Amino acid sequence: MRLYWRNGWTLIAFLMFAAFSIPLFTIIGKLFSPPGDSWLHLKNHLIWIYFKETGILLFGVIIMIGIIGVSCAWLVSRYEFTGRKYFEWMLILPLSFPGYIMAYAYTGIFEYTGPLYSFIRNSTGYESGSYLIDLMNMQGAVFIFSISLYPYVYLMARTSFLKQSMVFQEASFLLGKSQWQTFKKIALPLSRPAIVGGLALACMEVLNDYGTVKYLGIQTFTAGIFRAWFSMGDSTSAIYLSAILVLIVFLILFLENSQRGHQKFSSVITSSNNLMMRKITGWKKAVTFAFLFFVVLIAFVLPFLQLCYWSWQNLNKVMDMSFIHLLFRSFLLASVSSILIIAVALTFLYTLRITPIRWIKILCKWSTLGYAIPGAVIAIGVMIPLIRLDKWLVQLMDMHGTLLITGTIAGLIFAYIVRFLAVGYHPLESGFEKVGIQINEASRMAGANSWKTLIKIDLPLIKTSLLAGFILVFVDLLKELPLTLILRPFNFHTLATKAFDLATNEMIAEAALPSLVIIIVGVIPIILLNKLIRTIQV
Amino acid sequence: MKFSIQLSSSLLLSLLISISFFYSSCKSSTEEVNIYTHRHYEADQQIYDRFTEETGIKVNVVSASADELIQKLELEGSSSPADILITVDAGRLERAKNKGLLQSVTSSILENNVPDALRDKDKMWFGLTKRARVFAYSLDRVDPDQLSSYEDLANEKWRGKLLTRSSENIYNQSLLASLIHHLGEEEAKIWAENTLANMARPPKGNDRDQVIAVAAGEGDIAIVNTYYIGLMTRDQNEEMRKAVDKIGLFFPNQSDRGTHVNISGGGVTRYAPNKANAITLLEFLTKPYAQSHLANINFEYPVNKEVESSPLLKRWGPFKEDTLHLSVLGENNQKAVMIFDQVKWK
């Protein structure tokens, strides 16, 4: 069948691609300018350190979050035990923790003046240097990233375990295979795309992080980009380094794609019959419970309590009306932007769905690449064309002086879309994959047009993924730093910029309250998200 | 169906709310001044509020790191809304000047209030406060008579005893930039190499962390900025105050050129739309009210000679300052960064 590709959807998709890939092309364009003065210096002294430290960090984090994420997902989706329902959602909570705040909280817990160390020292006289446990090193960084990012894998794996057609697993049990064998031979391979998707998202988070690695003293590529650009004032070398970073991300995406091979994972029978949860008892139950409790304790409860402790100490200093205002603004900005991002992602994916041809697929992939580029570099890519547009608009309207879009909320939201499209895109993509294309084709063969099919058939079917996508984006935006810092209007603060301001001024305790709010606000949608995933089960 | 209606109506509603909300908050009054600042201190906002009260000029602030702000100014070019750029280091101001982002300003008030060494020769930037980079040493383990100068830190006797933060930090870069000037590039590199070899641990954490590490016995001498010590003495956390009690402050190089000082300062941007207001604000910042406010709340040294330091700073005593012109810090910054990388000072 020849696909008729000249439809309204492809036109819109193309226009959106044109708009949202301008920053990317601007950055690529900069690559063709000659290297800056410090490039040679970077190449001789630093680049191998960046490769080494980025590699070790990624490797450690992948292993750790793979183990934690998949095992937690398997336990809560296959076994029945006391507290399972609570663990289901508590395991997602660390997602609301910005990495750098996690790092601050943990050093706060273990540091010399922290409550734990102070208590031990003052009661037993035991001392072991600046930290009870020193996290300011590579192991510490792997630890911090692992506990804050494993929920990506957990969420994806759990959704996949729950959605898997049970036919295969039941067959496996009937053939006398154990739980472990079934897990290894059936559930895991079937969930591989989801798990690898989660790992890929987490890797990109690690690659893009600046706050955490800076605080812990790890020299990753992103740290190098900031160093080249800011310490050396050499934006071209910074963009060269980002190009290498983007290549690494390409490699990760390529591996993600190729490991799927040519297998199609849209299972025809999405039988909602759920496998009986296995009841576990005795020592198995105790071990399961202890393991999950430990994960939640380490990844959320402890750092959360540390922030509460700091906030309590500084409550009168930070809490006032302007804080309520701050809260409102952050919330509004994040939700409006998230809705827009989901709408854009949906448009791309739906276009691809009804017009599955190669160049549309390429457009879609391109448009999600913003997530692979550090926020600060995106900010440059956004500002250059926006300022040009502004100057043109100003001429056109014969006004002078002011910038119309740059430095406004509109400019900031545009940048958010460029940067965070991938976060909303991936859940929707796997949502569509799960549904399969047949039902859409059936609807259209029955005479419904693409709009009607989208609204009546596809949207209700991927409702869960839509909300999951929205929530992931929302929580990410609430934590977002570099773009907001650079592109926001005058006198504009979000919770994240406020927390960062205070923390960079070494007022970490004062930064705890805004951080706490970011986390609590992030927790609410997470609980909602969990309810949604649970509806898959019932 | 129900769901998509919900989705689209909530989308529309939130869009409308946000548009009206943002536009109402973006309305500008006639008299205003726009600041790009790297300073994130609470004291600053109080000073701006007082300024608005006195002059009726509204102060609009964007805070971010100086480098990001410089990049922003560069990109915005002649349509930049910024009137003033404020940084926490002279090197960055010098960089902004060299990139043509600042303009020359004639003001007798600024010239009277800010000493020569702390402002630009071409009147493009002016120091607003001073901070000294000093040694915080362990009162238990270090005899202050043993301490002398920055150069001495490279001496083998301090092997495994020094603490400082990463070379990413501008305060360390400026210190090395000053040493490049005083010792020459070769010697400065040797200094960096030997000083790094004396570190108790790889450079990491912030200035406070170094002080705590001295208190915790991980090292004996930390290179830190004065005002952090001031802020720590007033910390809510009792353990933090106890930690500061265990350290002494030493101002290096008193017998020769003096202790390295840096400034937080500002300049009027090249295309400032509200130039007159910008100058008024800069002047206000160097006048006694703002100066003593900064000194007392943020423990910075005032640049205005007529304003007294905070009681705590006075207790540390007067000290001899390195009178090196601060523009040198900017000129040598890149060399400093490169030396740090060459000797692998993280």
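Remember, it's a predicted structure, so these values are computed and weren't measured experimentally. (Residues numbered from 1 in each chain as written. Chains lettered and ligands numbered in written order. Predicted model: local features only at pLDDT ≥ 70, side-chain atom pairs only at ≥ 80, totals over all residues.)

## Section: the overall build of chain A
When you go through chain A residue by residue, the secondary structure sums to 23 helices and two strands. By the compact-globule yardstick of 24 Å for 538 residues, chain A fits well, its C-alpha radius of gyration being 24 Å. Once the C-alpha set of chain A is aligned to its principal axes, its extents read approximately 75 × 60 × 50 Å. By the burial criterion, 53% of the 538 residues in chain A qualify as buried. For chain A, the proportion of contacts with a sequence separation of at least 24, taken over those separated by at least 6, is 82%. (Helix = DSSP H or I, 4+ residues; strand = E, 2+ residues; numbered from the N terminus. Rg over C-alpha atoms; globule rule 2.2 N^0.38 Å. Buried ≥ 20, exposed ≤ 12 C-beta atoms within 10 Å, placed from the backbone. Contact = placed C-beta atoms within 7 Å.)

## Regarding the overall build of chain B
On a plain count of helices and strands, chain B comes out with 15 helices and nine strands. For 346 residues, the compact-globule estimate of 2.2 N^0.38 gives 20 Å, and chain B sits close to it at 23 Å. Residues counted as buried form 52% of the 346 residues belonging to chain B. Long-range contacts, defined here as pairs at least 24 residues apart, represent 78% of the contacts in chain B between residues at least 6 apart.

## Some points on helix α7 (residues 138-163) of chain A
All names here are of chain A. Here α7 contains 26 residues, and its C-alpha end-to-end distance of 37 Å stays within 8% of the 38 Å for a straight helix at 1.5 Å per residue. Along α7, the largest kink reaches about 40° and is centred on I147; proline P151 follows within four residues of it. Extensive coverage of α7 is indicated by the burial of 24 of its 26 residues. (Expected span 1.5 Å × (residues − 1). Bend = angle between axes of the 7 residues up to and from the residue.)

## A word on the environment of F51 of chain A
Residues and elements named next belong to chain A. Along the chain, F51 falls in helix α3 (residues 47-78). A residue is classified by how many C-beta atoms lie within 10 Å of it, and F51, with 16 of them, is partly exposed. Considered as a pair, F51 and Q219 are 168 residues apart in the sequence and their alpha carbons are 8.9 Å apart.

## A closer look at the interface of chain B and chain A
You'll often see interface size given as the accessible area lost when the parts meet. Opposite the 56 residues of chain B that make contact, chain A presents 52 residues. Only α1 (2-26), β2 (58-63), α3 (66-76), α8 (207-215), α10 (238-245) and α15 (333-342) of chain B provide two or more residues apiece to the side of chain B that touches chain A. The biggest single contributor to the side of chain B that touches chain A is α1 of chain B, with nine residues. Tallied by class, the residues present in the side of chain B that touches chain A amount to 24 nonpolar, 19 polar and 13 charged. (Nonpolar A, V, L, I, M, F, W, Y, C, P; charged D, E, K, R; others polar.)

## Observations regarding the pairing of strand β6 (residues 221-225) of chain B
Residues and elements named next belong to chain B. When you tally the buried positions in β6, you get five out of five residues, the bulk of the element. Going residue by residue along β6, you find I221, I223 and N225 tucked away on one face and A222 and V224 tucked away on the opposite face as well. In terms of strand pairing, strand β4 (residues 126-138) meets β6 through five bridges, oriented antiparallel. Each residue of the ladder has a partner; that of R133, found in β6, is N225. Pairing between strand β5 (residues 162-163) and β6: two bridges, direction parallel. Within the sheet, the bridge partner assigned to L162 lies in β6 and is I221. (Pairing = 2+ DSSP bridges.)

## A word on the pairing of strand β8 (residues 261-268) of chain B
Residue and element names in this part refer to chain B. Most of β8 sits out of view: eight of its eight residues are buried. Taking every second residue as pointing to the same face, both faces of β8 are buried, with V261, I263, G265 and G267 on one and N262, S264, G266 and V268 on the other. Across four bridges, strand β3 (residues 84-87) lies against β8 in antiparallel orientation. Each residue of the ladder has a partner; that of I86, found in β8, is G266. Where β4 meets β8, six bridges bridge the pair, whose relative direction is antiparallel. Within β8, the position partnered with R131 by the bridge is N262.

## Looking at the nonpolar core
Proteins that are soluble and globular tend to have nonpolar side chains buried together. With 271 residues, the main nonpolar core has V153 of chain A together with V211 of chain B as its most contacted residues. With 16 residues, the single largest contributor to this core is α7 of chain A. Excluding residues within four positions of it along the chain, V211 of chain B makes contact with A136, A222, V224, I229, M232, A243, V244 and I247 of chain B. (Core = buried A, V, L, I, M, F, W, Y, C linked by C-beta atoms within 7 Å.)

## Some remarks on the confidence of the model for chain A
Residue and element names in this part refer to chain A. A residue-level look at chain A finds 91% of positions with pLDDT of 70 or above and a mean pLDDT of 81. Per-element mean pLDDT across chain A ranges from 73 in helix α8 (residues 166-174) up to 91 in α3. pLDDT under 50 marks residues 266-272. Its contacts with residues more than four places away, or in other chains, come to 13 contacts. (pLDDT = per-residue confidence, 0-100.)

## Remarks on unusual backbone geometry
One can expect most non-glycine residues to show negative phi and most peptide bonds to be in trans. Here N253 of chain B, not a glycine, exhibits a phi torsion of approximately 60°, which is positive. Among the structural elements, N253 of chain B can be located in the loop between β7 (247-250) and β8.

## Focus: the environment of K305 of chain B
Residues and elements named next belong to chain B. Within the secondary structure, K305 is located in the loop between β9 (301-302) and α13 (311-315). Taking the number of C-beta atoms within 10 Å as the measure of exposure, K305 has 11 and is therefore exposed. Remark: the alpha-carbon pair of K305 and R165, spanning 140 residues in sequence, is separated by 31 Å.

## Quick look at the confidence of the model for chain B
All names here are of chain B. Residues with a pLDDT of 70 or more make up 92% of chain B, whose mean pLDDT is 85. Confidence drops under a pLDDT of 50 for residues 1-5, and excluding neighbours within four residues, the segment shows seven contacts in the predicted structure. Below pLDDT 50 for its whole length, residues 21-29 participates in four contacts with residues either more than four positions away or in separate chains. Two summary scores accompany this predicted model of the complex, namely pTM at 0.78 and ipTM at 0.72.

## A short note on the packing of α7 of chain A against helix α9 (residues 179-208) of chain A
Residue and element names in this part refer to chain A. Relative to each other, α7 and α9 sit at 150°, their axes nearing to 8 Å. Overall, the two elements α7 and α9 adopt an arrangement that is roughly antiparallel. Along this stretch, α7 crosses α9, giving a crossing that reads as right-handed. Of α9, the residues touching α7 (which contributes F145, L149, Y152, V153, L155, M156, A157, T159, S160 and F161) are A187, S191, A194, I195, G197, G198, L199, L201, A202, E205 and V206. Looking at the contact of α7 with α9 residue by residue, the classes come out as 15 nonpolar, five polar and one charged. (Axes fitted to C-alpha atoms, helices over the stretch in contact; angles between N-to-C directions. Parallel < 35°, antiparallel > 145°, perpendicular 65-115°, else oblique. Left-handed = near helix turned anticlockwise from the far one by under 90°.)

## A short note on helix α22 (residues 495-504) of chain A
Counting buried positions along α22 of chain A yields 10 of 10 residues, so the element is predominantly enclosed. Within α22 of chain A the residues assigned to the buried category are L495, A496, T497, K498, A499, F500, D501, L502, A503 and T504 of chain A.

## Let's talk about the environment of V473 of chain A
Among the structural elements, V473 of chain A can be located in helix α20 (residues 463-479). The exposure class of V473 of chain A is buried, given the 28 C-beta atoms found within 10 Å.

## Some thoughts on the packing of helix α1 (residues 8-31) of chain A against helix α15 (residues 358-367) of chain A
Residue and element names in this part refer to chain A. Closest axis-to-axis distance for the α1/α15 pair is 10 Å, and the angle between their directions is 35°. Classified by chirality, the crossing of α15 by α1 is left-handed. Here T10, A13, F14, F17, F20 and S21 of α1 come into contact with α15, specifically with I360, L363, W366 and S367. Considering only residue class, the contact of α1 with α15 consists of seven nonpolar, three polar and no charged.

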